[in-house]
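# Topology and contacts: notes
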Amino acid sequence: MCRAWLGFMAVSLGLLTRGQAWALRAPYIVAAAPGSMTVCWETAPQAESCQDFKNLSPGKEFNYSLPGLGATWTAKALPGPSQEFSFAAFGDSGTASRAQKKIAAIIKVFDPELVLHLGDIIYPKGDPRDYDPKYFDIYGETLSRIPFFPAIGNHDYGFRNGALAQQRFEEVYNRIFRRLKYYSFDAGDAHFVSLDTNKAFGNEAAAPFGPGSEQRAWLEKDLAKSKAKWKIVFMHVPAYSTVRGLGNSDSVRDALAPIFERYRVDLVLAGHVHVYERSRPINGVVYVNAGTGGAELTYSDEHAEWQEKLILRYGLALVKVKASALELSFIDEDGRIRDSVLISRERTAALKRSRESAVKVQKIMERLRNIFLPPLKPPRY
């Protein structure tokens, strides 16, 4: 009834004339590349139409219209090789909270070329009735201008039961986003890979990622053939986290970290834990958790040897992709920069050499201490 009223008002206000199609859901970009883009819109409840746009100039804005809709929108094709750009990343948002709305406003201000959603787009169970109030209404016209690339989360599956979860994936998530459980794309000098790590949280329909799995074999093949300067992975359940009881991060780390290291992945982004965490470079890879998109924050005061930053605030990660480095910042819901770090191959290599040197010095000092300071005899009582 509400949508029918909106259609009536659109005609009454002259936004659409009678006889024109009324889009129940405003246009949103479902696929983008340096030279092409696909835009979808809802023409009937749970029924979408899509339009492809090709031969676009990489990194350039263009105007587009859609069949039967009396309006024009503006978007920008993804950047091509050697073009610098920025992207935002966050997860665990779909609650229609005040924080989620503030983060949506921040995206408009910073205007990145693309957005990575780290999963749990719709709470609590990825219900199709929740997509408008908790996603489309929140991000609004930004979705018609900036492509959002999702990584599926456990709440998006809706259920742990395999059959029910697979049904929700096929009938809702895949229908709306036109995305598989894992995929990759290129933008500028970066190669992006979206993975499904929800098996670690017990989701039966999630794609396995362990040895011998199709996802693992695909990942190795995909990373091996990429010639991009920067390799960035995004997923839901993280490989590293100090927050316990929210899935088995150890299984993700054991299965995937060696692959990330072997194929020189620079940055791994994840959600699921509702805090911002950033690691030091671990064998050349920086891990960032940013499940800070609007769902209730998860308290953590634990510190780990690998951890370099922990922030209990809502916000998003903003990354500028440049020729020489990735400039990563965490922007909180009030627009303040809470963390900032430069990720470069040279810096990572220097930090590794520095730590290796420190370990060697420590070992030498221990040997000298053992030589000149014999171990104390235990006291007698």
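The notes below deal with the structure included here.

Cut-offs used in this document
Residues numbered from 1 in each chain as written. Predicted model: local features only at pLDDT ≥ 70, side-chain atom pairs only at ≥ 80, totals over all residues. Heavy atoms only, no water. Helix = DSSP H or I, 4+ residues; strand = E, 2+ residues; numbered from the N terminus. Buried < 20%, exposed > 50% of the residue type's maximum accessible area, 1.4 Å probe, protein only. Contact = heavy atoms within 4.5 Å. Areas by Shrake-Rupley, 256 points an atom, 1.4 Å probe, with all protein chains shown as cover. Disulfide = S-S within 2.5 Å. Pairing = 2+ DSSP bridges. Axes fitted to C-alpha atoms, helices over the stretch in contact; angles between N-to-C directions. Salt bridge = Lys/Arg side-chain N within 4 Å of Asp/Glu carboxyl O.

Tallying secondary structure elements over the chain gives nine helices and 18 strands in all. When burial is assessed residue by residue, the chain has 53% of its 381 residues classed as buried. A fraction of 63% describes how many contacts in the chain between residues 6 or more apart in sequence connect residues 24 or more apart. Approximately 17900 Å² of the chain is accessible, and the part contributed by carbon and sulfur atoms is 54%.

Okay, the state of the cysteines next. With the rule as written, the count across this model stands at one disulfide. Note that Cys40 is cross-linked by a disulfide to Cys50, the S-S spacing being 1.9 Å. Of note, the bridge from Cys40 to Cys50 carries an S-S torsion of about 100° and is right-handed in sense. Taken as a pair, Cys40 in strand β2 (residues 36-44) and Cys50 in strand β3 (residues 47-53) lie far apart in primary sequence, 10 residues in all.

Pairing is antiparallel across the open sheet formed by three strands, whose spatial order is β1-β2-β3. Strand pairing shows two members of the sheet lacking a second neighbour, β1 (25-33) and β3, which therefore form its edges. Adjacent strand axes in the sheet meet at a mean angle of 25°, parallel and antiparallel pairs treated alike. For β1 and β2, the ladder comprises six bridges, and the chain directions are antiparallel. When the sheet's bridge partners are listed, Tyr28 is paired in β2 with Cys40. In this fold helix α6 (residues 162-177) packs onto β1 and β3, with an angle of close to 70° to the strand it touches most, β1.

Next up on the list: the pattern of salt bridges. Enumeration over the complete set of coordinates arrives at 22 salt bridges. Measuring nitrogen to oxygen at the nearest pair gives 2.6 Å for the salt bridge that ties Lys102 to Asp334. Note that Lys102 is positioned in helix α2 (residues 98-110) and Asp334 in the loop between β17 (326-332) and β18 (337-343), a separation of 232 residues in sequence. For Asp332, the salt bridge identified is with Arg338, shortest N-O distance 2.9 Å.

Turning our attention to the pairing of strand β4 (residues 61-64). Only one face of β4 is covered, namely the one carrying Phe62 and Tyr64; the face carrying Glu61 and Asn63 has none of its residues buried. Summarising the sheet, β4 and strand β5 (residues 73-76) pair through four bridges and their orientation is antiparallel. In the sheet register, Phe62 faces β5, and the bridge partner there is Ala75.

What follows concerns helix α3 (residues 131-139). The buried fraction of α3 is high, at seven of nine residues. Gly140 sits one or two residues past α3 and shows a positive phi near 50°.

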